[in-house]
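Each chain, letter by letter, is given below.
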Amino acid sequence: MKNPRTEHWALSTFCLATLLALSACTVGPKFKLPDVLLPTKWKNGGAASVSDLPVPGEWWRLFGSAELNRLVAQALESNQELRGALARVETARALVGVQQADWFPQLSMKNAMSYEHLSQNSFGANLPAGVPLPSLERRRFQNVFELGWELDLWGRVRRGVEGARASQMAAAETLAAQRLSLAAEVARLYFLAHSLDRQMQVVSETFEWRAEAVKLQESRFQGGLANEMDVARARTELELSRNDLAVLERQRGNAENALAVICGQIPSTFRIARNANLPAAPKVPGGLPSTLLQRRPDIRASEQKMREANAQIGVAKASFFPAFSIGGSGGLESIGAAHFYDARSKILSIGPSMTLPIFQGGKLRANLQASKARYEETLAAYRQSILIALKEVEDSMLDARAYAKQQAALDAAIASAHDTQRLADLRYQKGLASYFEVVDANRTVLNAKLLAAQVEGQRLMASVAMLKALGGGWK
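Residues numbered from 1 in each chain as written. Predicted model: local features only at pLDDT ≥ 70, side-chain atom pairs only at ≥ 80, totals over all residues. Heavy atoms only, no water.

Okay, the nonpolar core next. One recurring pattern in soluble globular proteins is that nonpolar side chains are buried together. W59, F63, L68, L71, V186, F191 and L259 are the most contacted members of the largest nonpolar core, which has 59 residues in total. Secondary structure elements with two or more residues in this core: α2 (66-78), α3 (80-100), α5 (156-222), α6 (228-262), α8 (297-318), α9 (363-429) and α10 (435-469). Residue contributions to this core peak at twelve residues, all from α5. With near-sequence residues (within four places) excluded, L68 lies in contact with W60, F63, V186, A187, Y190 and F191. Residues V214, A234, L238 and V438 belong to the second largest nonpolar core, which totals eleven residues. (Core = buried A, V, L, I, M, F, W, Y, C linked by side-chain atoms within 4.5 Å. Buried < 20%, exposed > 50% of the residue type's maximum accessible area, 1.4 Å probe, protein only. Helix = DSSP H or I, 4+ residues; strand = E, 2+ residues; numbered from the N terminus. Contact = heavy atoms within 4.5 Å.)

Encoded structure:
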């Protein structure tokens, strides 16, 4: 003879096992990082100052400047765009909690009081003839707890949480990318300002020399040893030096003001000390091209956006399947307040429900196609970010090599220009050349020195660009 209790227990166990098995189902594709063909070495790595050591986190300390270290720390602390990016990370973290809440039963309480006036024509038509109408005015009181819980049988909620977590990680990686870019921009503007200091030093020295040249030519003119044209040329060169100083002062001020904004400071009260001594470009730790996938935060952000888009495909697929939920409500309800707390006012309802989409006008299929298209978009963006990263590294290495060659060539050019200037002075003093030859030789020295100061600053800025392109060591 069969035992009803045993049969009931077996049926309950079977149903529970079935629900657990279904709850393990998660529709949609499993995320897989796409294969990307990367080079085994850098094209310009052998010619640039690159080592195989890992990039340090605080890479700007490689330049050995305490002032630069202070400015970067100030920017990372006070930059307003960085604070906005940090707020976006907090927003994404909170939205993960919003998605996770769908895993749990939702319980709410409803307190309501309503006034109703029934239609005499419609209500009275349903009563037998001769039965008097009851009161058509009444007040309904409710105090009800409502329960709802969707069983995540197809992984819709799990995919939603997965996508929200990927979005949070993408925001965090974007923040890291902004920190890297911010530190690089501080270093770039810092070296630009001091490169302009170096150029102003060169022009100031030339200005002093030209001021003495004006006095000398005026004295020679008064003594009949020079003509009026030589005096005019000397004065022209002096005023051109004054113009060069004004241009460099303006450029230096613009760089300082831009640095103030990046550091979160008011430009009118922000100052960096003048310094014409630029540090040597450091030997940049490089590593292999494959390490960019782990080190570059912008690439990692693109990867997380792919994960988010992949999860949304699962959410879209889950909408094709029936949704199972358990709902219920219980509490007190009565007409009138007199007997609201009586036992007869109790109400209770609970039970499962299923919602199956039958005809949606193609909305579900279109939503799935859209989610797949968004994934393809993020995949293309991921591959593009890798290509851009590889290009930026190769460009920065090429720049470093070219600036090193330029610097060596300019050092030799300056030495030759000084010799030319000395010989032009001797020829002029002996009456073998015009003053124009002296002026031309002086211009050549000035231009070579200015170009050397520019290249020295650009070489440092190329080192900054290389460290940024290599990922900057951010974990």
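From this point, the narrative continues.
Attention now goes to α6. Helix length check: α6, at 35 residues, gives a terminal C-alpha distance of 52 Å against a target of 51 Å (1.5 Å per residue), a fit within 8%. By the N-cap criterion, in which a side-chain oxygen at the helix start approaches the backbone nitrogen of a residue two or three places on, α6 is capped by N227, the distance to M229 being 3.1 Å. Positive phi shows up at G264, right after α6, with a value of about 75 degrees. (Expected span 1.5 Å × (residues − 1). Polar contact = N/O pair within 3.5 Å; in protein donor to acceptor, adjacent residues only side chain to side chain.)

Here we come to the packing of aromatic side chains. Throughout the structure, instances matching the rule amount to six aromatic pairs. Judged by centre distance (5.6 Å) and plane angle (75 degrees), the ring pair of W59 and W60 falls under edge-to-face. Of the two residues, W59 and W60, neither departs from the other in class, the shared state being buried. Of the aromatic side chains, those joined through ring pairs into one cluster are F63, Y190 and F191. (Phe/Tyr/Trp six-rings, centres within 6.5 Å; stacked < 30°, edge-to-face > 60°.)

Take a nonpolar patch on the surface next. Among the surface-exposed residues, L107, M109, F145, L147, W149, I326 and I350 lie close enough to one another that they form a single nonpolar patch of about 690 Å² accessible area. Among the secondary structure elements, those contributing two or more residues to the nonpolar patch are β2 (106-117) and β3 (137-151). With three residues, β3 is the largest single contributor of residues to the nonpolar patch. (Patch = residues over 30% accessible without salt bridge, like charges linked within 9 Å, V, L, I, M, F, W, Y side chains within 5 Å. Areas by Shrake-Rupley, 256 points an atom, 1.4 Å probe, with all protein chains shown as cover. Salt bridge = Lys/Arg side-chain N within 4 Å of Asp/Glu carboxyl O.)

An order of β2-β3-β5-β6 is seen for the four strands of this open sheet, with the pairing classed as antiparallel. If you trace the sheet from one side to the other, it starts and ends with β2 and β6 (346-355), each paired once. In this sheet, adjacent strand axes meet at a mean angle of 20 degrees when their direction is disregarded. Bridge analysis of β2 against β3 gives twelve bridges, and the strand direction is antiparallel. The residue bridging L107 from the neighbouring strand is L147, located in β3. (Pairing = 2+ DSSP bridges. Axes fitted to C-alpha atoms, helices over the stretch in contact; angles between N-to-C directions.)

What follows concerns the pattern of salt bridges. Scanning the model with the defined rule gives 25 salt bridges in all. Residue E116 is joined to R138 by a salt bridge in which the shortest nitrogen-to-oxygen separation is 2.8 Å. Residue E116 is located in strand β2, and its partner R138 is located in strand β3; the two are separated by 22 residues in the primary sequence. Residue class for R138 comes out partly exposed when judged on its relative accessible area of 29%. A salt bridge links E237 to R210, with the nearest nitrogen and oxygen atoms 3.1 Å apart. Of this pair, E237 sits in helix α6 while R210 sits in helix α5; the two residues are 27 residues apart in sequence, bridging distant segments of the chain. Classification of E237 as buried rests on a relative accessible area of 5%. For R210, a relative accessible area of 3% translates into the label buried. Several salt bridges converge on common partners, so that one network encompasses D197, E249, R252, E256 and R274.

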